[in-house]
Amino acid sequence: MEQPVIAVRGATASLGSRPVLRGIDLTVGRGEVVALLGANGSGKSTAVRAIVGQVPLTGGELELFGTPRRRFRDWKRVGYVPQRTTAAGGVPATVREVVLSGRLARTKLGPARRADREAVVRALELVGMADRAGDPVAALSGGQHQRVLIARALAGEPELLIMDEPMAGVDLASQEVLAEALRDQVERGASVLLVLHELGPLEPLIDRAVVLRDGCVVHDGAPPRAVGQHALPGHDHVHPHADPAAEPIRTGLLS
Ligand SMILES: Nc1ncnc2c1ncn2[C@@H]1O[C@H](COP(=O)(O)OP(=O)(O)OP(=O)(O)O)[C@@H](O)[C@H]1O
């Protein structure tokens, strides 16, 4: 089999004294689109943060492009969209500057060249934000901000995209735009690992789903069919059922 772009075996990690990953296996093959699903707190974000080196593993193995994580330096091959935070809204930068920062591993802090500027324009077009390039990011809505963070990851023209809930807070029309942007990446051969709450418009793109529960993998295979919220193993029964006549709106698998 061809070398996977992500290979995680028996990974364990703790946050504080709490074991959060309890021996997970996770692979993403070249050109594959894998969704990482699971209830709140099941360890999805911790898993992707471990993959990008933000959380140390206490055990197990992790390789990127066949290289053990601790020796991996080729970050220009990886685009990462972190789970949305509000803190970045205070950064005094324009949309163009934030997206250009996605080229840092390529520009090596040198001046932006024409290829860099063109990649920024392309990435902004892909997420439907080309007309906002000169605006301060502080002036954007949450969903627009998220699209800029996705454009930042796309601007680096990565071979592997890792996105933590990229659709969080993004309206349905923009979700379709982002799904299209992702399809474009997959067509050009990118591999993708996505933390998702629900498959939504991305469903047709997803090759495989890995479901976490309490820091363990409970499913690795076909994406669960969108038959409702209860279909998924590990689903947290958290949505309101106060009025049995008012069936909650089913937006997807895990919301
Ligand atoms: N800094 C921390 N210290 C201690 N525990 C933490 C810390 N950050 C997260 N946790 C706990 O680790 C567990 C896993 O968190 P993680 O963010 O990986 O879950 P998740 O599956 O991504 O959840 P969500 O869908 O809510 O984003 C949770 O129980 C969380 O409360």
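Procedures and definitions
Residues numbered from 1 in each chain as written. Predicted model: local features only at pLDDT ≥ 70, side-chain atom pairs only at ≥ 80, totals over all residues. UniProt positions renumbered as here; feature names shortened; annotations may be inferred. Helix = DSSP H or I, 4+ residues; strand = E, 2+ residues; numbered from the N terminus. Buried ≥ 20, exposed ≤ 12 C-beta atoms within 10 Å, placed from the backbone. Contact = placed C-beta atoms within 7 Å. Near = placed C-beta within 6 Å. Nonpolar A, V, L, I, M, F, W, Y, C, P; charged D, E, K, R; others polar. Pairing = 2+ DSSP bridges. Axes fitted to C-alpha atoms, helices over the stretch in contact; angles between N-to-C directions. Parallel < 35°, antiparallel > 145°, perpendicular 65-115°, else oblique. Left-handed = near helix turned anticlockwise from the far one by under 90°. Expected span 1.5 Å × (residues − 1). Arc of directions from axis to C-beta.

- The name given to the protein chain in an unreviewed UniProt entry is ABC transporter, with Streptomyces mashuensis as the source organism.
- According to the UniProt record, the Sequence similarities (unreviewed entry) comment for the protein chain is "Belongs to the ABC transporter superfamily."

### Overview of the overall build of the protein chain
At step 1: A count of helical and extended segments in the protein chain gives six helices and 10 strands.
At step 2: Split into buried and exposed, the 255 residues of the protein chain put 37% on the buried side.
At step 3: When contacts within the protein chain are restricted to residue pairs at least 6 apart in sequence, long-range pairs at least 24 apart make up 69% of them.

### Re unusual backbone geometry
Residues other than glycine predominantly adopt negative phi, and peptide bonds predominantly adopt the trans conformation.
At step 1: In this structure, Glu165 takes a positive phi of about 50 degrees despite not being glycine.
At step 2: Within the fold, Glu165 resides in the loop between strand S7 (160-164) and helix H6 (172-187).
At step 3: A positive phi angle, near 50 degrees, is found at Asp214, a position not held by glycine.
At step 4: Mapped onto the elements, Asp214 comes out in the loop between strand S9 (208-213) and strand S10 (216-221).
At step 5: By the C-beta count within 10 Å, which is 15 here, Asp214 ends up partly exposed.

### Side note on the site of the ligand
At step 1: Around the ligand, the structure places Leu15, Gly16, Arg18, Val20, Gly38, Asn40, Gly41, Ser42, Gly43, Lys44, Ser45 and Thr46.
At step 2: Mapped by element, the contributors of at least two residues to the shell around the ligand are strand S2 (18-28) and helix H1 (44-51).
At step 3: The greatest single-element share of the shell around the ligand, amounting to three residues, is contributed by H1.
At step 4: Among the residues making up the shell around the ligand, the classes are represented as two nonpolar, eight polar and two charged.

### Regarding the sheet that holds strand S1 (residues 6-15)
At step 1: Taken in spatial order, the four strands make up an open sheet running S2-S1-S4-S5, and their pairing is antiparallel. Two strands in the sheet have a free side with no partner beyond their single neighbour: S2 and strand S5 (67-68).

### Here's the deal with H1
At step 1: Buried residues dominate H1, accounting for seven of its eight residues.
At step 2: Those residues of H1 that fall on the buried side of the exposure criterion are Lys44, Thr46, Ala47, Val48, Arg49, Ala50 and Ile51.
At step 3: Looking at the residues trailing H1, positive phi occurs at Gly53, about 90 degrees.

### Concerning the sheet that holds S10
What holds strands together in a sheet is hydrogen bonding between their backbones, with the strands either parallel or antiparallel.
At step 1: Read across the open sheet, the six strands follow the order S6-S7-S8-S3-S9-S10; overall the sheet is mixed. Edge positions in the sheet fall to strand S6 (78-81) and S10, since each has one partner strand and no second. Each strand of the sheet is rotated relative to its neighbour by a mean of 15 degrees, with strand direction disregarded.
At step 2: Here S9 runs beside S10; their pairing, made up of five bridges, is antiparallel.

### So, the environment of Ser141
At step 1: Topologically, Ser141 is positioned in the loop between helix H4 (114-126) and helix H5 (142-155).
At step 2: Taking the number of C-beta atoms within 10 Å as the measure of exposure, Ser141 has 13 and is therefore partly exposed.
At step 3: Along the sequence, Ser141 and Gly169 sit 28 residues apart, while their C-alpha atoms lie 9.5 Å from each other.

### Section: the packing of H4 against H5
At step 1: Where H4 contacts H5, the axes come no closer than 8 Å and their chain directions differ by 135 degrees. As judged from the angle between their axes, H4 and H5 are oblique. Crossing geometry of H4 relative to H5 is assigned as right-handed. The segment H4 lies against H5, with Ala119, Val120, Ala123, Leu124 and Leu126 engaging Ala151, Leu154 and Ala155.
At step 2: Classifying every residue of the contact of H4 with H5 gives eight nonpolar, no polar and no charged.

### A short note on the packing of H5 against H6
At step 1: Across the interface, H5 lies against H6 with an axial gap of 11 Å and an inter-helix angle of 5 degrees. By the angle between their axes, H5 is roughly parallel relative to H6. On H6, the residues that touch Gly143, Arg147, Ile150 and Leu154 of H5 are Ser174, Leu178, Ala181 and Gln185.
At step 2: Along the lines of polarity and charge, the residues of the contact of H5 with H6 split into four nonpolar, three polar and one charged.

### Describing H6
At step 1: An ideal rise of 1.5 Å per residue puts 22 Å on 16 residues; H6 measures up with 22 Å between its terminal C-alpha atoms.
At step 2: Those residues of H6 that sit buried are Ser174, Leu178, Leu182 and Gln185. For H6, the angular spread of buried residues about the axis comes to 80 degrees, placing them on one side. In H6, those exposed residues whose orientation departs by more than 90 degrees from the buried face are Leu172, Ala173 and Glu187.
At step 3: Residues of H6 that are buried make contact with H5, S7 and strand S8 (191-195).
At step 4: Of the residues trailing H6, Gly189 is marked for its positive phi of about 100 degrees.

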